[in-house]
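# Examining the three-dimensional arrangement
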Amino acid sequence: MSLKEPHKIRVNEEDLEMIDNNSMGEIMAYKGTTNLFSGYSVDLYHSNGNISYETEYRNGENRGWENLYYENGQLKKSRLRLGNYVDVANYEYDQNGNLTYEFRDEDEIHEVGKNL
């Protein structure tokens, strides 16, 4: 399996809860606490146990990557987001990991870098 940023923490979606909402979207914390979550929320798994879909949060906000994986563990789609509403980069890959599509908004990527 070729997880994007494998060094970052990953938790199941059920271990998090929305504690607030702002202009960028939901604010997520560890369930039963006000501790803002930073890492990946794993939302779906393939039947073989590999991650299918995950969302990155930073200080509780959806700021970072949303990743979709093939059943073999290879990255299928990856999207860099600034909140729930702004996509700044999109990448798609074939099952062997070869890049097949790329979109980057350089101005937005610069803005994301300032806000992380």
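From a predicted model like this one, the values you see are computed outputs, not experimental measurements.

## Let's talk about the sheet that holds strand β8 (residues 86-93)
- Strand order in the open sheet formed by 7 strands is β1-β4-β5-β6-β7-β8-β9, with mixed pairing between adjacent strands. Only two strands of the sheet have a single neighbouring strand rather than two, namely β1 (10-12) and β9 (99-104). Across the sheet, the axes of successive neighbouring strands diverge by a mean angle of 20°, strand direction being ignored.
- The sheet contact formed by β8 and β9 spans 5 bridges and is antiparallel. Counted as the bridge partner of Asn 90 is Phe 103 from β9.

## Examining the pattern of salt bridges
- Under the definition given, this model contains 9 salt bridges.
- Of the charged contacts, one joins Arg 81 and Glu 66 as a salt bridge, the two residues approaching to 3.3 Å between their closest N and O atoms. In this pair, Arg 81 is assigned in strand β7 (residues 75-82) and Glu 66 in strand β6 (residues 63-69), connecting sequence segments 15 residues apart. This pair shows no difference in class: Arg 81 is buried, exactly as Glu 66 is.
- For Arg 79, the salt bridge identified is with Asp 87, shortest N-O distance 3.4 Å.
- Classification of Asp 87 as partly exposed rests on a relative accessible area of 28%.
- Via salt bridges that share partners, Glu 5, Lys 8, Glu 56 and Arg 58 belong to a single interconnected network.

## Here we look at the side chain of Asn 67
- When you line up the elements, Asn 67 lands in strand β6.
- You can call Asn 67 buried: its relative accessible area is 0%.
- Looking at Asn 67, its side chain comes within polar contact range of the side chain of Ser 78, at 2.7 Å.
- Beyond its immediate sequence surroundings of up to four residues, Asn 67 is in contact with Lys 4, Tyr 40, Ser 52, Tyr 53, Glu 54, Leu 75, Lys 77 and Ser 78.

Cut-offs and rules
Per-chain numbering applies: the sequence of each chain, read as written, is numbered from 1 onward. Only residues with pLDDT of at least 70 get local features here, since the model is predicted, and only at 80 or more are side-chain atom pairs given and counted; chain-wide, interface and lining totals rely on the full set of residues. By convention in this description, side-chain values take in all heavy atoms of the structure and omit both hydrogens and water. Strands are treated as partners if at least two bridges between them are detected by DSSP. Strands are runs of DSSP state E lasting at least 2 residues, helices are runs of H or I lasting at least 4, and numbering of each runs from the N terminus. Here the axes come from fitting lines to C-alpha atoms, over the contacting stretch only for helices, and the angles between their N-to-C directions go from 0 to 180 degrees. In the sections that follow, a salt bridge refers to a side-chain nitrogen of Lys or Arg positioned within 4 Å of a carboxyl oxygen of Asp or Glu. Burial status follows relative accessibility: with a 1.4 Å probe on protein chains alone, a residue under 20% of its type maximum counts as buried, one over 50% as exposed, and anything between as partly exposed. Identification of polar contacts relies on pairs of N or O atoms within 3.5 Å, with a donor-acceptor requirement for protein atoms, meaning one able to donate a hydrogen and the other able to accept it, and with residues adjacent in sequence counted only if both atoms are side-chain atoms. Throughout, a contact is declared for two residues whenever any of their heavy atoms are within 4.5 Å.

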